[in-house]
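A closer look at the structure
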Amino acid sequence: MKKGFLSVLLTLFMALMMLPTTAYADSTWCDTCNKRVTVRYEYEYKDAQWHWNHTYCQECGTNTSNPRAKHQWSGTATCTSGRICTVCGGTSNPLGHAYESTVTIEPTCTANGLRTYVCKNDSSHTYTETIPAAGHNYESSVTTEATCTTNGLRTYVCKNDSSHTYTEPIPAAHDWNSIWFSDEDNHWHECNVCAEMTDVGEHIWNSGVITTSPTCTTAGEKTYTCSGCGRKKTEVISATGHNLEKVEKKDAGCTADGYEAYWRCQTCKKLFSDEAGTVEISNPTAIKATGHNLEKVEKKDAGCTKDGYEAYWRCQTCKKLFSDAAGTAEISNPTAIKATGHNLEKVEKKDAGCTEDGYEAYWKCQTCKKLFSDAAGTVEISNPTAIKATGHNLKKVEKKDATATEEGNSTYWFCDKCNKYFSDAKAETEIKKEDTVLAKLSTVNKKETEASSAKTANATKVTSTTDKTTKSSPKTGDSTDVQLYMILMLVSIGAAAGAGAKRKLKTQR
């Protein structure tokens, strides 16, 4: 039961959320479906004058048209609410308040007033505001005149409310005549009303004014005036005397003269050559300029990155710089010679060997000899970037004995990267390839070798039986030795025949 009630509430809430759009159904032609279909109208509030009439196909949902129409208002607008459109459900703008004010309670000097505002569109809408009290606005008049000896009276009446009054006394006072009577010590005058004379009294002198200023050598004058009768008196002011201040000696410069020490009076500004101020001078005693003490600074050629400068002259006294030896053209800085920039030459990369390190490509300045890792010369390096040696890739070649028809070789190690030969596995002793070759065996050598081997074999043969205790004797004849002797004999005979033929030929010539 509760779930059903909640469903109804949810449906009502969704319907309220759809406002102010209102939907209606009808039929029209749909270009998408290509037939007459049932349509649904949805009215949407556009502004205070119009609403939209959106037309949708019920089958494909296409928006077929969106004409607008004026609102159909119902009801009456008020200050705070508008009328309702019977088609789209939208509302018009409220009329708003249009207040008119009237003073319902006038303010007084001490009490606040009241102003009431009523809306012309709806008289039930009202509010009030306070009008501050006006305050007193007094006017005064003399009701009793004062005399020379008795007080008078002044009365004040409020213009806003005449019941508000107050009074204040006017002090009694003589109307003294402006003409004073005086002598050297006293002064007096009389009242214009009662002719009473003032009490005789001494002059009241002011602090005085210097009418003639004293100088260092002449006296001045000061004048005093009585504040009562205006009588004046004077007094002499003595001469001040010179207020001397020493100006120290200024040594001459290279181009500017100097001067000897002197004294200047701070009062009359006169100059004196002595501290007592007895010898007046028009100008200090001059010390002539010395002239420049110039020293040449030799030209500095520009480097790759540092500017140089042209030769110039510097004064050892005033430290100024000049472009000429005469010191006539002063300069603030030597004439600069711009840096030339690096003259870079690329050194190509060198690959590492088995035992020798290589290096990456780098650039060397032909001027300053500095090294750089880039062609722009921005990254300076102290040495090229090293490429470590790879080490030998050794392969052992076993010993092979030579024969009569083929050379042999000794045991050695060969690096197939650097093509070098070594006699040891640590590659500490390098040898040449020819050092590894074992020459072919000649025929004589071969026979000698065979004979030697046979003799060794015969010598080591021993009959070891229990019945025989003696060794066998070697053979007295060896066919191998006979062949060797025959070969040597033939060679000797041939050599002797050749020599005899050569001598015979010389004799015949």
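The numbering scheme is per chain: residues are counted from 1 as the chain's sequence reads. Reporting of local features is limited, given that this is a predicted model, to residues whose pLDDT is at least 70; pairs of side-chain atoms are given and counted only at 80 or more, and all residues count toward the totals for whole chains, interfaces and linings. In computing side-chain properties, one takes all heavy atoms of the structure into account and sets aside hydrogens as well as water.

**As for the pattern of salt bridges**
Quick note on the threshold: The rule for a salt bridge is simple: a side-chain nitrogen of Lys or Arg has to be within 4 Å of a carboxyl oxygen of Asp or Glu. Each residue's exposure class comes from its accessible area (1.4 Å probe, protein chains only) as a fraction of the maximum for that residue type: buried when under 20%, exposed when over 50%, partly exposed otherwise.
Scanning the entire structure with this criterion turns up 14 salt bridges. Salt-bridge contacts for Lys 350 lead to Glu 356; the nearest nitrogen and oxygen are separated by 2.7 Å. Judged by relative accessible area, Glu 356 falls into the partly exposed class, the value being 48%. With a shortest N-O distance of 3.6 Å, Glu 398 and Lys 396 are connected by a salt bridge. On the accessibility criterion, Glu 398 (51% relative accessible area) is exposed. Among the residues examined, Lys 396 registers a relative accessible area of 47% and is labelled partly exposed.

**Describing the pairing of strand E28 (residues 312–315)**
Operational definition: We call two strands paired when DSSP finds no fewer than two bridges between them. Helix and strand labels come from DSSP, where a helix needs a run of H or I of at least four residues and a strand needs a run of E of at least two; each type is numbered from the N terminus.
Bridge analysis of strand E26 (residues 294–297) against E28 gives four bridges, and the strand direction is antiparallel. The residue bridging Leu 294 from the neighbouring strand is Cys 315, located in E28. For E28 and strand E29 (residues 321–322), the ladder comprises two bridges, and the chain directions are antiparallel. The residue of E29 that forms the bridge with Arg 314 is Leu 321. Between the end of E28 and the start of E29, which pair antiparallel, lie five residues, with Lys 319 showing a positive phi angle near 70 degrees.

**A few points about the nonpolar core**
The condition is simple: Nine residue types can take part in a nonpolar core, namely buried Ala, Val, Leu, Ile, Met, Phe, Trp, Tyr and Cys, and a core is a set of them joined through side-chain atoms within 4.5 Å.
Cys 30, Val 37, Val 39, Tyr 41, Tyr 43, Cys 57, Cys 85 and Cys 88 together form the largest nonpolar core, which totals eight residues. Ranked by residue count, the leading element in this core is strand E2 (residues 35–45), at four residues. If you look at the next biggest cluster of nonpolar residues, it comprises five residues, including Trp 413, Cys 415, Phe 422 and Ala 427.

**Quick word on the sheet that holds strand E36 (residues 380–381)**
The four strands lie next to each other as E32-E34-E35-E36, forming an open sheet whose pairing is antiparallel. The strands lining the two open edges of the sheet, one partner per strand, are strand E32 (344–347) and E36. Of the pairings in the sheet, the one linking E32 to strand E34 (residues 362–365) comprises four bridges and is antiparallel in character. The partner of Lys 346 across the bridge, within E34, is Trp 363.

**Considering the environment of Ala 386**
Stated formally: The criterion used for residue contact is that any of the two residues' heavy atoms lie within 4.5 Å.
You can see Ala 386 is positioned in strand E37 (residues 386–387). Those residues within four positions of Ala 386 in sequence are excluded, and the remaining contacts are Gly 358 and Tyr 359.

**Let's talk about the packing of aromatic side chains**
So the rule is basically this: Note on ring pairs: Phe, Tyr and Trp rings are taken, using the six-membered ring of Trp, and paired if centres are within 6.5 Å. Classes follow the plane angle, with under 30 degrees stacked, over 60 edge-to-face and the rest tilted. Any Lys NZ or Arg CZ found within 6 Å of a ring centre and within 35 degrees of that ring's normal is scored as a charge over the ring.
One pass over the structure, following the stated rule, counts nine aromatic pairs. On the numbers, 5.1 Å between centres and 85 degrees between planes, the contact of Tyr 138 with Tyr 166 is edge-to-face. One end of the pair, Tyr 138, is in strand E11 (residues 138–144); the other, Tyr 166, is in strand E13 (residues 165–170), with 28 residues separating them in the sequence. Residue Tyr 166 is classed as partly exposed on the basis of its relative accessible area, which comes to 38%. In this structure an aromatic cluster arises from ring pairing among Tyr 99, Tyr 117 and Tyr 127. In this structure, Arg 68 is placed above the aromatic ring of Trp 50, and the distance from its NZ or CZ to the ring centre is 3.9 Å. The aromatic ring of Tyr 224 is capped on one face by Lys 233, whose charged end is 5.7 Å from the ring centroid.

**Quick notes on the sheet that holds strand E17 (residues 209–212)**
Threshold: Working convention: axes come from line fits to C-alpha atoms, limited for helices to the stretch in contact. Angles between N-to-C directions cover 0 to 180 degrees.
As summarised here, the arrangement of the three strands in space is E17-E18-E19, forming an open sheet in which the pairing is antiparallel. Each of the sheet's edge strands pairs with one partner strand only, and the pair in question is E17 and strand E19 (232–237). The mean inter-strand angle of the sheet, taken between neighbouring strand axes irrespective of direction, is 35 degrees.

**Let's talk about the side chain of His 71**
The line we're drawing: Any N or O atom pair separated by 3.5 Å or less is treated as a polar contact, with the protein-specific requirement of one donor-capable and one acceptor-capable atom, and with residues adjacent in sequence counted only for side-chain atom pairs.
Relative to the assigned elements, His 71 resides in the loop between strand E5 (68–70) and strand E6 (73–74). Looking at His 71, the relative accessible area reads 7%, which means it is buried. Within the structure, His 71 has its side chain in polar contact with the side chain of His 51 (distance 3.2 Å).

**What to know about the confidence of the model for the chain**
Detailed reading of predicted coordinates is not advised where the pLDDT is low. The condition that has to hold: One number per residue, pLDDT, summarises how confident the predictor is, and it ranges from 0 to 100.
Per-residue confidence for the chain averages 82 on the pLDDT scale, and 82% of its residues sit at or above 70. Across residues 459–482 the pLDDT falls below 50, and counting only partners more than four positions away or on other chains, this stretch makes four contacts in the model. Contacts for the low-pLDDT stretch residues 504–509, under 50 throughout, to residues beyond four places or in other chains number zero contacts.

**Let's talk about the environment of Gln 49**
Looking at where Gln 49 falls in the secondary structure, it is placed in the loop between E2 and strand E3 (50–57). Among the residues examined, Gln 49 registers a relative accessible area of 42% and is labelled partly exposed. Taking the C-alpha atoms as reference points, Gln 49 and Ala 69, separated by 20 residues in sequence, lie 8.5 Å from one another. What Gln 49 contacts, discounting residues up to four positions off in sequence, is Ala 69, Lys 70 and His 71. Here Trp 50 takes part through its side chain, which lies 3.3 Å from a polar atom of the side chain of Gln 49.

**A few points about a negative patch on the surface**
We count it as follows: Patches draw on residues past 30% relative accessible area with no salt bridge. Two like charges within 9 Å are joined, as are two nonpolar side chains (Val, Leu, Ile, Met, Phe, Trp, Tyr) within 5 Å. Method for areas: the Shrake-Rupley scheme with a 1.4 Å probe, in which residue coverage is limited to the protein chains shown. A residue counts as positive if it is Lys or Arg and as negative if it is Asp or Glu; His and the chain ends are not included. Lys charges are placed at NZ, Arg charges at CZ, Asp charges at CG and Glu charges at CD.
A cluster of acidic residues, Asp 183, Glu 184, Asp 185 and Glu 202, forms a negative patch on the protein surface. Here Asp 185 lies in the loop between strand E14 (181–182) and strand E15 (186–188).

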